[in-house]
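Chains, contacts and geometry: an overview
The lines below spell out each chain.
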Amino acid sequence: MSFQVDTYARQAAPVRHEDLDLTAAFRDRPLSRDTLRVLRYMCDIESHTICYLRDVLVTPSHTDPEVTTFLTMWNYEEYWHGEVLADVLAAHGIATGADHIRQVRLRKGWRDRISPIRQSLLANLIGDDFVATHMSWGAVNEWLTFAGYKRLTQIENHPVLTEVLSRISAQETRHIAFYATQARTRLAASGRARRLTRLALSLAWQPVGANVMPRAEVRHLVGHLLGGPEGLAEARRIDSRIDTLPGLEGLDLVQRRLAKLL
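Residues numbered from 1 in each chain as written. Predicted model: local features only at pLDDT ≥ 70, side-chain atom pairs only at ≥ 80, totals over all residues. Heavy atoms only, no water.

**So, the nonpolar core**
Among the nonpolar cores identified, the biggest contains 71 residues, and Leu39 and Ile242 are the most heavily contacted of them. The element that contributes the greatest number of residues to this core is helix H9 (residues 159–189), accounting for 11 residues. In contact with Leu39, other than residues within four places in its own chain, are Leu31, Leu85, Val88, Leu89, Leu152 and Leu161. (Core = buried A, V, L, I, M, F, W, Y, C linked by side-chain atoms within 4.5 Å. Buried < 20%, exposed > 50% of the residue type's maximum accessible area, 1.4 Å probe, protein only. Helix = DSSP H or I, 4+ residues; strand = E, 2+ residues; numbered from the N terminus. Contact = heavy atoms within 4.5 Å.)

Below, the structure written as structure tokens:
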């Protein structure tokens, strides 16, 4: 069954959590320091989605109405994911807010200013086949994000955190469905797209947020979520999903990147 973008556009909404008393829940049973550090990372990256969207809209992806409709609603939902995680952090006395988000966005300095120019030049030279790379990259990132939320619920086994992350993950499954469906269709249609996507992922893909967050934070996130037998098993599951995309079989992408970080 194909992904219905119009239906998704009508259903996109903030993650509701007004029924959850976060202050009381985490006062009585606070989350571990390591998990809070990971949640801070995730909150920062969810709030950074608008910057990623800026870079994508100067590429051929902006010419496809289905893609842009999805990206509009995807960005809207990702914004609210960041807000929900900020509320969890606030319940632990960890401040976020506009000043913090501004500092995250300024962290890359001059590289951030040239990023959309570089991406526009490269992507428009490639042409429509770039969209297959964009969709495949998005699918990998969403699979990893979903796995990260799943691992946090297993690590903490906190009922309220589990409920919050389950509500976020329910929306992430729709994001995965769009990216993976688009990637599979576009890769199957073009040998050039398959070659370009495989090369791009092999050379440049990193865990979500690695080009924004300090290296120490990336290593901590990866170690906390994907270290140990359970984490490595999750990494293998993501790689097996990547294997289902035409032309991307046998990349072992996530496992190879984790080996360099762990």
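After that view, the rundown keeps rolling.
**Comments concerning the state of the cysteines**
Formally, a disulfide is one covalent bond, and it connects the sulfur atom of one cysteine to the sulfur atom of another. Tallying each qualifying case throughout the model produces 0 disulfides. Lacking any disulfide linkage, Cys51 is separated from the closest cysteine sulfur, that of Cys43, by 14 Å. Residue classification places Cys51 among the buried positions, given a relative accessible area of 11%. (Disulfide = S-S within 2.5 Å.)

**Focus on the packing of aromatic side chains**
By convention here, two paired aromatic rings are described through the distance between centres and the angle between planes. In the structure shown here, the tally under the stated rule is 11 aromatic pairs. Taken together, a centroid distance of 5.3 Å and an interplanar angle of 75° make the contact between Phe3 and Phe178 edge-to-face. A residue pair is termed long-range when its members are at least 10 positions apart, and Phe3 in the segment before helix H1 (5–11) and Phe178 in helix H9 qualify at 175 residues. Comparing Phe3 with Phe178 shows no difference in burial state: the two are buried. Residues Tyr8 and Phe70 carry aromatic rings whose centres are separated by 5.5 Å and whose planes lie at 35° to one another, so their mutual orientation is tilted. Taken together, the residues span a long stretch of sequence, with Tyr8 in helix H1 and Phe70 in helix H5 (residues 65–90) at a distance of 62 residues. Judged on exposure class, the residue Tyr8 and its partner Phe70 are both buried. Grouped by ring-pair contacts, the aromatic residues Phe3, Tyr8, Tyr52, Phe70, Trp74, Phe178 and Tyr179 constitute a single cluster. (Phe/Tyr/Trp six-rings, centres within 6.5 Å; stacked < 30°, edge-to-face > 60°.)

**Observations regarding the packing of helix H8 (residues 129–156) against H9**
Two elements in contact, H8 and H9, have axes separated by 8 Å at closest approach and are oriented at 155°. One finds that H8 runs roughly antiparallel with respect to H9. The way H8 lies across H9 gives a crossing that is left-handed. Residue classes in the contact of H8 with H9 are distributed as 17 nonpolar, 10 polar and 4 charged. (Axes fitted to C-alpha atoms, helices over the stretch in contact; angles between N-to-C directions. Parallel < 35°, antiparallel > 145°, perpendicular 65-115°, else oblique. Left-handed = near helix turned anticlockwise from the far one by under 90°. Nonpolar A, V, L, I, M, F, W, Y, C, P; charged D, E, K, R; others polar.)

**Section: the packing of H8 against helix H12 (residues 228–242)**
Following both chains from N to C, one finds H8 and H12 inclined at 155°, their axes separated by 10 Å at the closest point. Taken as axis vectors, H8 and H12 run roughly antiparallel relative to one another. Crossing of H8 over H12 shows right-handed handedness. When H8 is examined against H12, the residues Val140, Trp143, Leu144, Ala147, Lys150 and Arg151 are found in contact with a partner set consisting of Glu230, Gly231, Glu234, Arg237, Ile238, Arg241 and Ile242. Across the contact of H8 with H12, the residue classes tally to 6 nonpolar, 1 polar and 6 charged.

**Notes on the pattern of salt bridges**
Counting across every chain of the model gives 12 salt bridges. Of the charged contacts in the structure, one is a salt bridge between Glu234 and Arg237, with a shortest N-O distance of 2.9 Å. Of this pair, Glu234 and Arg237 are both found in helix H12, 3 residues apart, which corresponds to roughly one turn of the helix. The class of Arg237 is partly exposed, set by a relative accessible area of 35%. Each of the salt bridges in this network shares a partner with another, and the network as a whole consists of Asp19, Glu163 and Arg167. (Salt bridge = Lys/Arg side-chain N within 4 Å of Asp/Glu carboxyl O.)

**Things to note about the environment of Val212**
Secondary-structure assignment places Val212 in the loop between helix H10 (191–204) and helix H11 (215–226). Note: C-alpha distance between Val212 and Asp112 (100 residues apart in sequence) is 9.4 Å. The residues contacting Val212, other than those within four sequence positions of it, are Ile45, His48, Val104, Arg107 and Lys108.

**Some remarks on unusual backbone geometry**
Non-glycine residue Asn157 carries a positive phi angle of around 50°. Here Asn157 shows up in the loop between H8 and H9. For Asn157, a relative accessible area of 56% corresponds to the exposed category.

**A few points about H10**
Compared with the 20 Å implied by 1.5 Å per residue over 14 residues, the 20 Å span of H10 between its first and last C-alpha is a close match. All of the buried residues along H10 are Ala193, Thr197 and Leu201. In a view along the axis of H10, the buried residues occupy a sector of 55°, so they form one face of it. Residues of H10 that are exposed and point over 90 degrees away from its buried face: Arg195 and Leu203. Buried-residue contacts for H10 involve H8, H9 and helix H13 (253–261). (Expected span 1.5 Å × (residues − 1). Arc of directions from axis to C-beta.)

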